[in-house]
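Chain and residue survey
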Amino acid sequence: MAIFYDTHAHLDYPDFQPDFADVLARARGAGITRMISIGTNFESSRRAVALAEKHEEIFAVVGWHPSDVLDAPDDLRPTLRELATHPKVVAIGETGLDYYRMPSAKGGTAEDDANYKRKQAAIFQQQLEVAAELKLNCVIHQRGETLDDTLALLQPFVGKTRGVFHCFSSDLAALARIRALGSLVSFTGIVTFKNGQNVRDAVAATPLGEFMLETDCPFLAPIPYRGKRCEPAFVKEIGDTIAQVKNCSLEALSRATCDTAHAFFPKLR
Ligand SMILES: [Zn+2]
């Protein structure tokens, strides 16, 4: 059986509490031998680390999600450094920029919006700094009209840290700009959706060895599970579709995506 990794899962979410052991067993049964649990704030990062301590096949990424920044401390670097030195913490994140639900959409002012953007940029910058310091890479969340701002913040760190732009579902021009900075992308179950042709085009345009697989579970379950809770075992369906698009064997896809993950996350064992 071809082996795959789920490089972006939110295993600390309450969705998985009732049947966590079964979720892991199904992942194992589907050949998913490594899972990376991604933190979205310090509490969730600590839970990800705790899962990594308990389960050999789980690793953690620690950081603060852009949508949560209003709850973030002004300087998250000291705590982030502490969390990130754990032997099973393989990257910083998820971090980045997301202007999807601005404060003004919930009754805030234009000034609230400006503050929100400023804080997202500051928190992203701090995470890039810690990543560069600790020689780790970053898991980047970038949604909507934020690519210019995201790349502008990442640019000064080229050569010091790289990003994986997770859940990539943008166009080929965006893909080219990301790759030009030495960064990578990863693909979720959207690649299996009927309306996911742009993602299949991105897969076709990305050479083997320059992308990884992920579920972003509990979100984005691939076909035939669309709309249900997603879980790491479903990387198998994502891999099947991507192997078809790349016209390669599952073994070749397995080798390429796992090697890419080990190169991008050097602490992954
Ligand atoms: Zn995520």
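Up top you'll find the structure we're talking about.
Here, residues in each chain are numbered from 1, in the same order as that chain's written sequence. Per-residue local features of the predicted model are confined to residues with pLDDT of at least 70, and side-chain atom pairs are confined, for both listing and counting, to 80 or more; whole-chain, interface and lining totals are unaffected and use all residues. Remark: hydrogens and water are excluded; side-chain values derive from all non-hydrogen atoms of the structure.

1. Concerning the coordination of the zinc ion
For the zinc ion, every protein donor is listed as His 8 (NE2), His 10 (NE2), Glu 94 (OE) and Asp 216 (OD), and the spread of their distances is 2.1 to 2.6 Å. Each metal's donors comprise the N, O and S atoms found within 2.8 Å of it (within 3.2 Å for Na, K or Ca). Water is not part of the atom list, so some coordination spheres may appear incomplete. By the criteria applied here, four donors are tetrahedral when all angles lie between 85 and 135 degrees, four are square planar and six octahedral when opposite donors are over 155 degrees apart and every other angle lies between 65 and 115, and any other arrangement is irregular. If you look at the zinc ion, its 4 donor atoms make angles of 85 to 177 degrees with each other, and the shape they trace is irregular.

2. What to know about the nonpolar core
Note on terminology: a nonpolar core comprises buried Ala, Val, Leu, Ile, Met, Phe, Trp, Tyr and Cys residues joined through side-chain atoms within 4.5 Å. The rule is simple: take the accessible area with a 1.4 Å probe, protein chains only, and divide by the maximum for that residue type; under 20% is buried, over 50% is exposed, in between is partly exposed. Residues Leu 11, Ile 92, Phe 187 and Ile 242 are the most contacted members of the largest nonpolar core, which totals 75 residues. Sorting elements by how many residues they give to this core places helix H4 (residues 110–134) first, with 7 residues. The contact definition used throughout considers only heavy atoms, calling two residues in contact when any of these lie within 4.5 Å. Discounting residues that sit within four places of it in the chain, Leu 11 has contacts with Phe 16, Phe 20, Met 35, Ser 37, Leu 51, Ile 58, Cys 217 and Pro 232. In this structure, Val 61, Val 139, Met 212 and Ala 261 belong to the second largest nonpolar core, which totals 16 residues. A run of DSSP states H or I qualifies as a helix once it reaches four residues; a run of E qualifies as a strand once it reaches two. Both are numbered from the N-terminal end.

3. A few points about the sheet that holds strand S5 (residues 137–143)
Spatially, 8 strands are ordered S1-S2-S3-S4-S5-S6-S7-S8 in an open sheet, and the strand pairing comes out parallel. The open sheet terminates on both sides in strands that have one partner only, identified here as strand S1 (4–9) and strand S8 (211–213). Neighbour-to-neighbour, the strand axes of the sheet open up by a mean angle of 30 degrees, direction not taken into account. Two strands are counted as paired when DSSP detects at least two bridges linking them. Both S1 and strand S2 (residues 32–38) contribute to a ladder of 4 bridges, which runs parallel. Looking across to S2, one finds that Ala 9 is bridged to Ser 37. Together, S1, S2, strand S7 (184–187) and S8 form the strand contacts of helix H8 (residues 235–246), whose direction differs from that of S8 by roughly 145 degrees. Axis lines are fitted through C-alpha atoms, for helices just across the contact stretch, and the angle between N-to-C directions can take any value from 0 to 180 degrees.

4. Thoughts on the side chain of Glu 231
Looking at where Glu 231 falls in the secondary structure, it is placed in the loop between S8 and H8. Overall, the relative accessible area of 4% leaves Glu 231 in the buried class. Two N or O atoms form a polar contact when they lie within 3.5 Å of each other; inside protein one atom must be a possible hydrogen donor and the other a possible acceptor, and for residues adjacent in sequence the pair counts only when both atoms belong to side chains. Within the local environment of Glu 231, its side chain forms a polar contact with the side chain of Arg 26, the two groups lying 2.6 Å apart. Among the polar contacts made by the side chain of Glu 231, one reaches the side chain of Arg 229 at a distance of 3.1 Å. When neighbours within four sequence positions are excluded, Glu 231 is seen to be in contact with Phe 16, Val 23, Arg 26, Thr 215 and Cys 217.

Interpretation in functional terms is not warranted from these geometric data alone.
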